[in-house]
Amino acid sequence: MSCAPGLRIFTAGMATEGQAIRGVNHRSYGAVHQSHEVTNQERFDAIAPYHTTQAEVPSAPHPHLIDYKSEYEGTFLRNSGSDVPPPPELLNKHDDGPPPSQANWNIPAVSEDIAKDALIKYADSKLCYSRAPAVEMVFRDLKPFNTYRYSLETFTETRCTDVKTVPYNGEFVDSCMLGVPPLLWNIQVEVPSMFTDHVQRVKVPHTSLVKGCFDCAASGRVRCRKCHGRGQIECWVCHGSRTTDHDNRCSHCSGRGYERCISCSGQGLKKCDTCQGRGQMLSYTELQVKWKNNIFEYVVDQKCGFPAKRFKAVRGEKIFVDEQVMVYPVVNFPDPSINQASQNAVQQHHAQFASSARVLRQRQTIELIFLTQVEYEWKGTLYSYYVYGNENEVYAENYPKKCCCSIM
């Protein structure tokens, strides 16, 4: 019986917003039974003779093994591992309505008390730093640098197939004889939490088939590599000469020149590692659904001498959050570079994911990262440091009264 070609009916629609997509409705089918059990004699008959190399092992499976070809195998498995783009019905687009209104931007500042407490805490965290400069300093100037971090998160879903082959242990075989395999984007899976990377693997219905193991010619046993199928190996004492150095008979092998192979217990054959001695392999198509949170990030460089890489370790205060199926670029933000970054991010993600993946959700965020350059005087000398992030971290490259301690 062969699969009916061309039966491709798209039935799954996009889930409503906030509603999880339910899992596959499993059905119970009648099992496909083996009509013949391979005897031990047949297993040994299928083993290649000693002079036959591994590459010359017959490739034909046992005649009684199931070999159901699936139309699905010829359709999708040619591109195994490559992402399959979603149909046009699952591609999200903007609504015709206007973009959401955006708030008035209110930028707070860091006070002298916060700046001083941060420096004292910083000095206390260092083994060799004195807290005297932090306690006794006199503020000269606080220069706030309103630094912003813009991020666009695009939560996408991609689907691809892979061929899996495992030893067959007599389990149920859901072959194409039981139905036409569904299209990849018709298979329903449950969506994980938004903006969280996750991978789910699903066995595609009606794609299973059983074949004889190629490595052992469906026998379940292969020739022992250590003794090359002889069941015996050269005596390690006399090296096959049967005698010792004084022409005495080798006592280890009793003068035979060989001994039993321990690896195969003298049988010359071992269990096939590929099929685990079963002689049969079950192959099926596996759907891999990948959810990925793709992030575009931009930090405004105020060119104040502060190393921008330190911003990665701190959080900012969220002053704008916009989450929709598809977001619009930010407009009218006080810093024009943020507007431009948002425009670039939305265009870049649209070009990158609009046709190759299903966009489930987008979220754009603007954070205010506190960054203040503090200038102070201590014992007649001017110094400076930076306070940054919600954690009020301190970067003080030229902190006074510090020493290098060493343990003798």
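Residues numbered from 1 in each chain as written. Predicted model: local features only at pLDDT ≥ 70, side-chain atom pairs only at ≥ 80, totals over all residues. Heavy atoms only, no water.

*Asks:* Could you give me a rundown of the pattern of salt bridges, with the residues and numbers involved?
*Replies:* Following the criterion strictly, the structure yields 12 salt bridges and no others. With a closest N to O distance of 3.7 Å, D162 and K164 form a salt bridge. On the accessibility criterion, K164 (27% relative accessible area) is partly exposed. Between E323 and R361 there is a salt bridge, and its shortest N-O distance comes to 3.2 Å. Of this pair, E323 sits in strand β10 (residues 317–324) while R361 sits in strand β11 (residues 358–369), and the two are 38 residues apart along the sequence. (Salt bridge = Lys/Arg side-chain N within 4 Å of Asp/Glu carboxyl O. Buried < 20%, exposed > 50% of the residue type's maximum accessible area, 1.4 Å probe, protein only. Helix = DSSP H or I, 4+ residues; strand = E, 2+ residues; numbered from the N terminus.)

*Asks:* Explain the side chain of R149 residue by residue, including any values.
*Replies:* By the secondary structure assignment, R149 is in strand β2 (residues 147–167). Take R149: its relative accessible area is 7%, and that puts it in the buried class. In this structure R149 touches E297, Y298, V299, F311, K312, V314, R315, G316, T365, I366, E367 and I369, once residues within four positions along its chain are discounted. (Contact = heavy atoms within 4.5 Å.)

*Asks:* Explain unusual backbone geometry to me, using residue names and the numbers behind them.
*Replies:* With glycine set apart, most residues show a phi of negative sign, and most peptide bonds adopt trans. The residue F195 is not glycine, and still its phi comes out positive at about 65 degrees. Tracing the backbone through its elements, the reader meets F195 in the loop between β2 and β3 (198–203). The phi angle at N332 is positive, at roughly 65 degrees, despite the residue not being glycine. Mapped onto the elements, N332 comes out in the loop between β10 and α5 (336–353). Residue classification places N332 among the exposed residues on the basis of a relative accessible area of 66%.

*Asks:* Explain the environment of G305 to me, and be specific about the residues and the numbers.
*Replies:* Its location among the elements puts G305 in the loop between β9 (280–299) and β10. Look at G305 and you get exposed, because its relative accessible area is 62%. In this structure, the C-alpha to C-alpha distance between G305 and Q373, residues 68 residues apart in sequence, is 9.5 Å.

Read these as geometric descriptors, not functional statements.
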